Amino acid sequence: MENENKFENFDEINTSADNGDNEPLSIEEVLEMYKGGEENKSEATEEESPKKKKHILLWVVLGLLALIAAICAWVYFSYTSDYKGGKKNGEYITVVIPQGSNVSDIADILEDEKVINSALFFRFYSKMSATETLYRYGTFKIEKGSGYEEIAEVLINGGEQAKSVTVTIPEGTCLYDYVKNVNGKDVTVPGIGSLLEKAGVCTKEDFYAALDEVELEGRLLSSVDKENTYYPLEGYLFPDTYDFFNYDSKECAKLAIDKMLKHTEEIITDEMIENARKMGYSIHEMLTLASIVQLESGINTDEMANVSAVFHNRLNNPSSFAHLGSSPTIYYDKTMNGDGRYDTQNTAIGLPPGPVCSPGAAAIKAAFLPTENFKYTYFVTDSDGKFYYNTSAAGHSSTIKKLQASGKWIYELY
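Residues numbered from 1 in each chain as written. Predicted model: local features only at pLDDT ≥ 70, side-chain atom pairs only at ≥ 80, totals over all residues. Heavy atoms only, no water.

Draft legend 1. View of a nonpolar patch on the surface. Among the surface-exposed residues, Ile 56, Leu 57, Leu 58, Trp 59, Val 60, Val 61, Leu 62, Leu 64, Leu 65, Leu 67, Ile 68 and Ile 71 lie close enough to one another that they form a single nonpolar patch of about 1200 Å² accessible area. Summarising the element assignment, Ile 68 is placed in helix H3 (residues 27-84). (Patch = residues over 30% accessible without salt bridge, like charges linked within 9 Å, V, L, I, M, F, W, Y side chains within 5 Å. Areas by Shrake-Rupley, 256 points an atom, 1.4 Å probe, with all protein chains shown as cover. Salt bridge = Lys/Arg side-chain N within 4 Å of Asp/Glu carboxyl O. Helix = DSSP H or I, 4+ residues; strand = E, 2+ residues; numbered from the N terminus.)

Draft legend 2. Summary view of the pattern of salt bridges. Summed over the entire model, instances satisfying the criterion amount to 11 salt bridges. Note that Glu 274 and Arg 277 form a salt bridge whose closest N and O atoms lie 2.5 Å from each other. You can see Glu 274 and its partner Arg 277 sitting in helix H11 (residues 270-279), 3 residues apart, about one turn around the helix. Relative accessible area serves as the criterion here: at 32%, Glu 274 is assigned to the partly exposed category. Each of Arg 219, Glu 265 and Asp 270 takes part in one network of salt bridges that share partners. (Buried < 20%, exposed > 50% of the residue type's maximum accessible area, 1.4 Å probe, protein only.)

Draft legend 3. Region of the structure containing the confidence of the model for the protein chain. When pLDDT is averaged along the protein chain, the result is 85, and 82% of the positions lie at 70 or above. Every residue in residues 1-20 is under pLDDT 50, and counting partners more than four places away or in other chains gives 10 contacts. (pLDDT = per-residue confidence, 0-100. Contact = heavy atoms within 4.5 Å.)

Draft legend 4. Just the side chain of Asp 343, in detail. Tracing the backbone through its elements, the reader meets Asp 343 in the loop between helix H14 (327-335) and helix H15 (361-368). Buried charged residue Asp 343 carries no salt bridge. Nearest counter-charge: Lys 334, at 6.8 Å. Apart from residues lying up to four places away in sequence, Asp 343 is in contact with Thr 329, Ile 330, Asp 333 and Ala 348. (Lys, Arg positive; Asp, Glu negative; His and termini not counted.)

Draft legend 5. Up close: the side chain of Thr 94. Looking at the element boundaries, Thr 94 is found in strand S1 (residues 92-97). Its relative accessible area of 16% is what places Thr 94 among the buried residues. A distance of 3.0 Å separates the side chain of Thr 94 from the side chain of Glu 251, its partner in a polar contact. When neighbours within four sequence positions are excluded, Thr 94 is seen to be in contact with Glu 113, Thr 139, Phe 140, Lys 141, Tyr 247 and Glu 251. (Polar contact = N/O pair within 3.5 Å; in protein donor to acceptor, adjacent residues only side chain to side chain.)

Draft legend 6. Looking closely at the packing of helix H5 (residues 119-128) against helix H6 (residues 148-157). Contact pair H5 / H6: the axes reach a minimum separation of 11 Å and the direction vectors enclose 70°. Between H5 and H6, the angle is such that the two are roughly perpendicular. Touching Phe 121, Phe 122 and Tyr 125 of H5 are Tyr 148, Glu 149, Ile 151, Ala 152 and Leu 155, all from H6. Looking at the contact of H5 with H6 residue by residue, the class counts come to 7 nonpolar, no polar and 1 charged. (Axes fitted to C-alpha atoms, helices over the stretch in contact; angles between N-to-C directions. Parallel < 35°, antiparallel > 145°, perpendicular 65-115°, else oblique. Nonpolar A, V, L, I, M, F, W, Y, C, P; charged D, E, K, R; others polar.)

Draft legend 7. Structural view of unusual backbone geometry. Residues other than glycine seldom take positive phi values, yet Lys 114 does so here, at roughly 65°. The topology assignment puts Lys 114 in the loop between helix H4 (103-112) and H5. Non-glycine residue Asn 337 carries a positive phi angle of around 55°. Here Asn 337 lies in the loop between H14 and H15.

Draft legend 8. Expanded view of the packing of aromatic side chains. Taken as a whole, this structure holds 18 aromatic pairs when the rule is applied. Between the aromatic rings of Tyr 376 and Tyr 389, the centroid separation amounts to 5.9 Å while the plane-to-plane angle is 40°, which identifies the pairing as tilted. Taken together, the positions of Tyr 376 in the loop between H15 and strand S7 (378-381) and Tyr 389 in strand S8 (residues 387-390) put the pair 13 residues apart, joining distant regions of the chain. Overall, Tyr 376 belongs to the partly exposed group, its relative accessible area being 27%. The positively charged end of Arg 314 is found above the aromatic ring belonging to Tyr 378, 4.9 Å away from the centroid. (Phe/Tyr/Trp six-rings, centres within 6.5 Å; stacked < 30°, edge-to-face > 60°. Lys NZ or Arg CZ within 6 Å of the ring centre and 35° of its normal.)

So, in structure tokens, the structure goes:
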């Protein structure tokens, strides 16, 4: 059809064309004329194509330049805003710079403490102002809203070269002193407050007051049951050996708490949290179980995942185990002059409202990642620290009788 359309007026073309002798054009001449016309169109199109390409390229370049200009403007205004600082209201932030910190470490600390908005910008300023090697370590009070020049001045000429003391917080320690009964004898175990006071970090009063000021938010603390726990941060201060500053009781209490909380958050991995989520538990509930595993297992870290599995099995079978049945929870409740809500032998259903001590890394891992396919629901230990597991109450009682007969039974009530 297309070819027919092209030649449907052939007679008109042939009769109206003039070849100089007023003779009609031949078919070959008409075809040649058509071919020439098509070639002219193609040439015209080829001439226009580079122009269109140049036009598009020009807009792309202009768009990129506009984007770059916008980014540069954002960087400039962000930097100048951070560089100049903001409105001051007389409020100060205490910043601790550890010995050996480089400018990158310092910038990160300032950003974490919300003294500045960008560690990258501060590093750039320090490089350009040749102050990056002049900053000191120690404790500094920096006013909120300070600009880079003021901050650098404080880091270079201000601050206290605070002395520190080494304090060991054993695994299984509570916030307060507690008493446990071992074979009929009461043994007082000092709490974290007492250990810090004895080391000269802070008074117990300042330590407990600082605990009350901690905001229960963020990845670690958002699931804390502050309504039902005796002490909301029980179990959240990681037990380890630390170097704590001891220049001011109130300030150092806060710094010690912050340091232990950060350590706990570092221990709890995303894998642990995801596994807890799959099992239907929060971080708070898993730390609660970890504290029980810690006190039930003692120093035997190899058995902690098995002990955790026993308690998970009980929690997963509430019809047979309404009470978790952990003896350390009984005495924790009594020591804290509680109302029985932590007593998992007689009162509490399932897990208690919160942790009963500060668990170590192995106990935390065991709570979040118990031994798989571990069918046992009872366990007991002998005087040598050996663990015995059973699947029934009858088997459990039989094991205890054998240990009593052999003189290896140890009764320990926390």
